[in-house]
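Each chain is listed here by its residues.
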Amino acid sequence: MARREKSGIISWLRDRISDWAVGLLTKPLKSYALHVPNDIAALKRHIRKGDVVLVEGNERVSECIKYLTQSSWSHSALYVGDEPIRRNPEMKAPLVAQFGEEANFLMVEAIVEAGVVLSPLAKYRDFNIRVCRPFNLSAADLADVMDEAIRSVGNTYDLRNVIDLARYFLPVSLVPPRFRRQALQFGSGVPTRVICSSVIASSFNRVKFPIVPNYQQLPPPAASPKRKLWPIGPRTTGALQYGTLRMVSPTLITPRDFDLSPYFEIIKFNIIEGMRFDYHKILWADAAPPAPVKKGA
């Protein structure tokens, strides 16, 4: 009986420490700056289901992730639009009550303090964002990606291991480069992860859509491969190099991988997309006005 009470006290204390750590890690930073205002109306016109939205976050944990991945992007979300409502009409009323008209423009995202949730696209109106689109993803595979992502809504992070959270309070600059990607994982072994991109990567992994696969070296010239190899790399002597690709575990995918992946397109939705851009017509704030020309000079 005493052992059970002691275990309950330890569990309660661990939960309180975890809540404190999550609250501190997700506290917004005051120094965040939006580089270019987002045209949300244009974004809604051009974004498609299956697009990945990368976000430069404004929290302490965001700074840690950006450093460990050597990237501007600390968060990622999968755009699903009105798919949750189309698949389950009973969800329409509560989603409209929660998000209003934004219920037709939803994302699936995983956040530390709430787990995997549905969020409106406009949530990141005041953040630096980038849209990445899977190239040539078939309609059937897109449906499977949507299935996997929407099914994950409601999953929660395993925050029982406080040691996993403590790593984000340490000087991240001390983490050797070869260990930075692994440092983003939770060590408890529970399927839910602290990194949001794992949920998205799992959805694409279901249909074997590559993000940043590992490239295997070419076989020796004398060897004759028994299976078809994928053409990779630059042309040499008029022919493509061939090799094999191996999928990377979703738990090792980070937000920047969608940006760097050759299999995702970058979608420009802001000012440059909706106008005839001519850099000659930019009125720079620091440009000095032309000197007046004196008559008779």
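Here, the structure is the one placed above.
Computed from a predicted model, the values in this text were never measured in an experiment.

## A word on the overall build of the protein
Assigned secondary structure in the protein consists of nine helices and nine strands. With 297 residues in all, the protein has 39% of them scored as buried. Partitioning the intrachain contacts of the protein with sequence separation of at least 6 by distance along the chain shows that 76% fall at a separation of at least 24. Total accessible area on the protein stands at roughly 18300 Å², and carbon and sulfur atoms take up 57% of it.

## What about the pattern of salt bridges?
Applying the stated criterion to the full structure yields 10 salt bridges. Two residues, Glu 148 and Arg 206, come together in a salt bridge whose shortest N-O distance is 3.4 Å. Highlighted residues: Glu 148 in helix α6 (residues 139-151) and Arg 206 in the loop between α8 (197-205) and β6 (214-216), separated in sequence by 58 residues. Assessed through its relative accessible area of 25%, Glu 148 is described here as partly exposed. What makes Arg 206 partly exposed here is its relative accessible area of 39%. Bridged by salt links that share partners, the residues Lys 49, Asp 82, Glu 83, Arg 87 and Asp 147 form one connected network.

## Let's talk about the sheet that holds strand β1 (residues 52-56)
The sheet built from six strands is open, its strands ordered β4-β3-β2-β1-β5-β9 with antiparallel pairing. Edge positions in the open sheet fall to β4 (115-120) and β9 (264-267), since each of these has one partner strand only. Recorded for the sheet is a direction-independent mean angle of 35 degrees between the axes of neighbouring strands. Relative to strand β3 (residues 106-111), strand β2 (residues 75-81) is paired through four bridges, and the arrangement is antiparallel. Looking at the pairing, Tyr 79 lines up with Met 107 of β3. Contacts from α6 reach β2 and β3, with the element oriented near 115 degrees to β2.

## Things to note about the packing of α6 against α8
One can describe the packing of α6 onto α8 by two numbers: an axis separation of 8 Å at closest approach and a directional angle of 145 degrees. For the pair α6 and α8, the sense of crossing is right-handed. Contacts from Val 145, Glu 148 and Ala 149 of α6 reach α8 at Ser 202, Ser 203 and Phe 204.

## Considering the side chain of Asn 128
With respect to the secondary-structure elements, Asn 128 resides in strand β5 (residues 128-134). At a separation of 2.8 Å, a polar atom in the side chain of Asn 128 contacts the main-chain amide nitrogen of His 35. A distance of 2.6 Å separates a polar atom in the side chain of Asn 128 from a polar atom in the side chain of Glu 56. Apart from residues no more than four positions distant in its own chain, Asn 128 is found in contact with Tyr 32, Ala 33, Leu 34, His 35, Val 36, Leu 54, Val 55, Glu 56 and Trp 73.

Reading guide: rules and limits
- Residues numbered from 1 in each chain as written.
- Predicted model: local features only at pLDDT ≥ 70, side-chain atom pairs only at ≥ 80, totals over all residues.
- Heavy atoms only, no water.
- Helix = DSSP H or I, 4+ residues; strand = E, 2+ residues; numbered from the N terminus.
- Buried < 20%, exposed > 50% of the residue type's maximum accessible area, 1.4 Å probe, protein only.
- Contact = heavy atoms within 4.5 Å.
- Areas by Shrake-Rupley, 256 points an atom, 1.4 Å probe, with all protein chains shown as cover.
- Salt bridge = Lys/Arg side-chain N within 4 Å of Asp/Glu carboxyl O.
- Pairing = 2+ DSSP bridges.
- Axes fitted to C-alpha atoms, helices over the stretch in contact; angles between N-to-C directions.
- Left-handed = near helix turned anticlockwise from the far one by under 90°.
- Polar contact = N/O pair within 3.5 Å; in protein donor to acceptor, adjacent residues only side chain to side chain.

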